Amino acid sequence: MYEPVIGLEIHAQLLTKTKLFCGCSTEYGNPPNSLTCPVCLGLPGALPILNYEAVVMAIKLALAIKAQIHLRSLFSRKNYFYPDLAKGYQITQYHDPLATGGYLRTELNGSYKSIGIERINLEEDAAKSIHDGMPDSSEKTYLDFNRSGVPLLEIVSKPEINSPSEAVEFLQLFRTTLQYLGICNGNMEEGSLRCDANLSVRKRGTQEMGVKTEIKNINSFRFLQKALEHETLRQIELIKSGKAVSQETRLWDEHQNKTLPMRSKEEAHDYRYFPEPDLPPLFISKKLIEKIKATLPELRHEKIERFRQEYKIPLYDAQILTSFKNLADYFERTAIKSKNPKQASNWIMREVLQYLKEQNVEISRFPLPSENLAELILLVEKKEISLKTAKEKLFPRMIATKKRALEIVKEEGLSQISDEEKIKELVLETIKKNPRSVKHYQEGKTQVLGFLVGQMMKETQGTANPQLVNKILKESLNSLLSLSSLSSVKRKK
Ligand SMILES: [Zn+2]
């Protein structure tokens, strides 16, 4: 009878080329501390200059989720001490955020729900503390300032999420939206997208909010689900046993499979926010907003509709195919080149996704370019190879060799036998080899037909056109029936 009340605070790293307040590159995976300057190292006297591209990206998100963009917003200093924060403060937006309001519409088990957004802020990331992996890690912490000053969008949801699954769905939807807008790659492993969750529980049907705890630094959907499930149960247990939930920040410990207390939760006033004196207020013109609006890319829900209309694929297919923008692009290229959207969808939904799942990679790492898959679909369509051969032999060979479909078909003799004369020849051979089955057929046991087709497919290693084999075999057996006996056939041969 208790339900969780969950709000998420999402941090999305923006795909700008340079950092939020300096010209250093944001590229991931460079040698530690190679992408730094006095500004992002926090040296005294260095002055920040705001990155225009980051502002444009923030506006894109605000427009996509129908938030209200504030024409004047302000940067503030959030003061706290931490080794990865050389300046002793983080530049963020507090009193006057860039945008407020807006919502995302989640779908869970077929029912829709709008989850509101509290605010969207621009802020800089801190440097990265490296606690392990070095020979002297037991004694020292290393710092990498490459991440210091990288632009983040901070998105705070309203506490309108009521189950761990709904939280996961919401974060996934958010990630897809960011990816569609091309403003964040959504890579949770690299930390480009991470989230904190605050959670309290209350009796179902009541409006009063309980004391909430915050779970920090969740970097995968699986952890989000598990951490929220655990924290919900923990709070319910506490309340049921008459104890109070204390307001604190907790961490998810994946080894112990539970949340652990980290520190008592700080209040906003602990940070001593004040306007950043080195940056003027940010003014955004209506003209700029209109200009960005005009270039907003197609979003997922719009793509789903278009795929259904334009390519006549079912809703379910459209939903799966659009779950990642680059998967949707891959489908669309294959559909256009093969001129067969339904088959393109079938191949991607089954064979391609199966491969991605087995290899645990994304579509960008799939070895077949869309034109090669389209070529394979065309070969099946033209009946040059059987669907069975295409699935069982050609597709795996294309992946293994990276060669084009036609090349492999020629090299390995996979092309389908659709020549009627050739198939007649093969049918007669099969009849000759299986007199007992033929006899059974003559006696009315027509189910032996399946066995004979199977024999022929085996003989031809699956390259015979199955429809033709069926047809010709049946015709031949029936014409045999009209003759008095099998021996007369033998004489005729
Ligand atoms: Zn810098």
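Before reading on, note that the structure itself is shown above.
Residues numbered from 1 in each chain as written. Predicted model: local features only at pLDDT ≥ 70, side-chain atom pairs only at ≥ 80, totals over all residues. Heavy atoms only, no water.

Student: What is the right way to look at the sheet that holds strand S4 (residues 76–79) in this model?
Tutor: Pairing between the strands of a sheet comes from backbone hydrogen bonds, and it takes one of two forms, parallel or antiparallel. On the basis of which strands lie adjacent, the open sheet formed by three strands has the order S5-S4-S16 and antiparallel pairing. With partners counted over all chains shown, the strands left at the sheet margins are strand S5 (89–92) and strand S16 (274–275), one partner each. Looking at chain direction, S4 and S5 are connected through four bridges and run antiparallel. Residue pairing for S5: Arg77 is matched across the bridge by Ile91. (Pairing = 2+ DSSP bridges. Helix = DSSP H or I, 4+ residues; strand = E, 2+ residues; numbered from the N terminus.)

Student: Can you help me understand the pairing of strand S11 (residues 151–157) in this one?
Tutor: Here is the key point about a regular strand: its side chains alternate between the two faces of the sheet. Where burial is concerned, most of S11 is hidden: seven out of the seven residues are buried. Side-chain alternation along S11 places Pro151, Leu153, Ile155 and Ser157 on one buried face and Leu152, Glu154 and Val156 on a second face that is also buried. When strand S1 (residues 2–13) meets S11, the two strands line up antiparallel, connected through five bridges. Within S11, the position partnered with Ile10 by the bridge is Ile155. Judged from the seven bridges that link them, strand S8 (residues 111–124) and S11 form a sheet pairing that is antiparallel. Looking at S11, one finds that Glu124 is bridged to Pro151. (Buried < 20%, exposed > 50% of the residue type's maximum accessible area, 1.4 Å probe, protein only.)

Student: Mind showing me how you'd approach the packing of helix H10 (residues 370–381) against helix H11 (residues 387–401) here?
Tutor: Angle between the axes and distance between the axes are the two parameters that describe a pair of packed helices. At a closest axis distance of 11 Å, the pairing of H10 and H11 adopts a crossing angle of 155 degrees. Overall, the two elements H10 and H11 adopt an arrangement that is roughly antiparallel. Considering only the axes of H10 and H11, their crossing is right-handed. Seen from H10, the contacting residues are Asn372, Leu373, Leu376, Leu379 and Val380; seen from H11, they are Leu387, Ala390, Leu394, Phe395 and Met398. (Axes fitted to C-alpha atoms, helices over the stretch in contact; angles between N-to-C directions. Parallel < 35°, antiparallel > 145°, perpendicular 65-115°, else oblique. Left-handed = near helix turned anticlockwise from the far one by under 90°. Contact = heavy atoms within 4.5 Å.)

Student: What is the right way to read H11 from this model?
Tutor: Three or four residues apart is the spacing at which side chains of an α-helix point the same way, because the helix has 3.6 residues per turn. For H11, with 15 residues, the first-to-last C-alpha span of 20 Å sits near the 21 Å given by 1.5 Å per residue. A bend of about 35 degrees at Leu394 is the largest found in H11, and the proline Pro396 appears one to four places after it. For H11, every residue scored as buried is listed here: Thr389, Ala390, Leu394, Phe395, Met398 and Ile399. Taken together, the buried residues of H11 touch helix H9 (341–359), H10 and helix H12 (405–412). (Expected span 1.5 Å × (residues − 1). Bend = angle between axes of the 7 residues up to and from the residue.)

Student: In this structure, what is going on with the coordination of the zinc ion? I would like to understand it.
Tutor: Put simply, the ideal angle at a metal is 109.5 degrees for four donors in tetrahedral geometry and 90 or 180 degrees for six donors in octahedral geometry. Within the protein, the zinc ion binds to Cys22 (SG), Cys24 (SG), Cys37 (SG) and Cys40 (SG); these donor distances fall in the range 2.3 to 2.4 Å. Taken together, the four donor atoms coordinating the zinc ion span angles of 100 to 116 degrees at the metal, a pattern that classifies the geometry as tetrahedral. Spacing between the donor residues of the zinc ion along the chain follows C-x1-C-x12-C-x2-C. Residue classification places Cys37 among the buried positions, given a relative accessible area of 19%. For Cys40, a relative accessible area of 6% corresponds to the buried category. (Donors = N, O, S within 2.8 Å, 3.2 Å for Na, K, Ca; no water. Tetrahedral: all angles 85-135°; square planar, octahedral: opposite > 155°, others 65-115°.)

Student: Help me understand unusual backbone geometry in this model?
Tutor: Phi is mostly negative for residues that are not glycine, and the peptide bonds are mostly trans. Notably, Asn257 is not glycine yet its phi reads approximately 60 degrees, a positive angle. Positionally, Asn257 belongs in the loop between strand S14 (248–253) and strand S15 (258–264). Phi is positive for Lys312, which is not a glycine, with a value near 55 degrees. In this fold, Lys312 is placed in the loop between helix H6 (300–311) and helix H7 (315–321). Residue classification places Lys312 among the exposed positions, given a relative accessible area of 64%.

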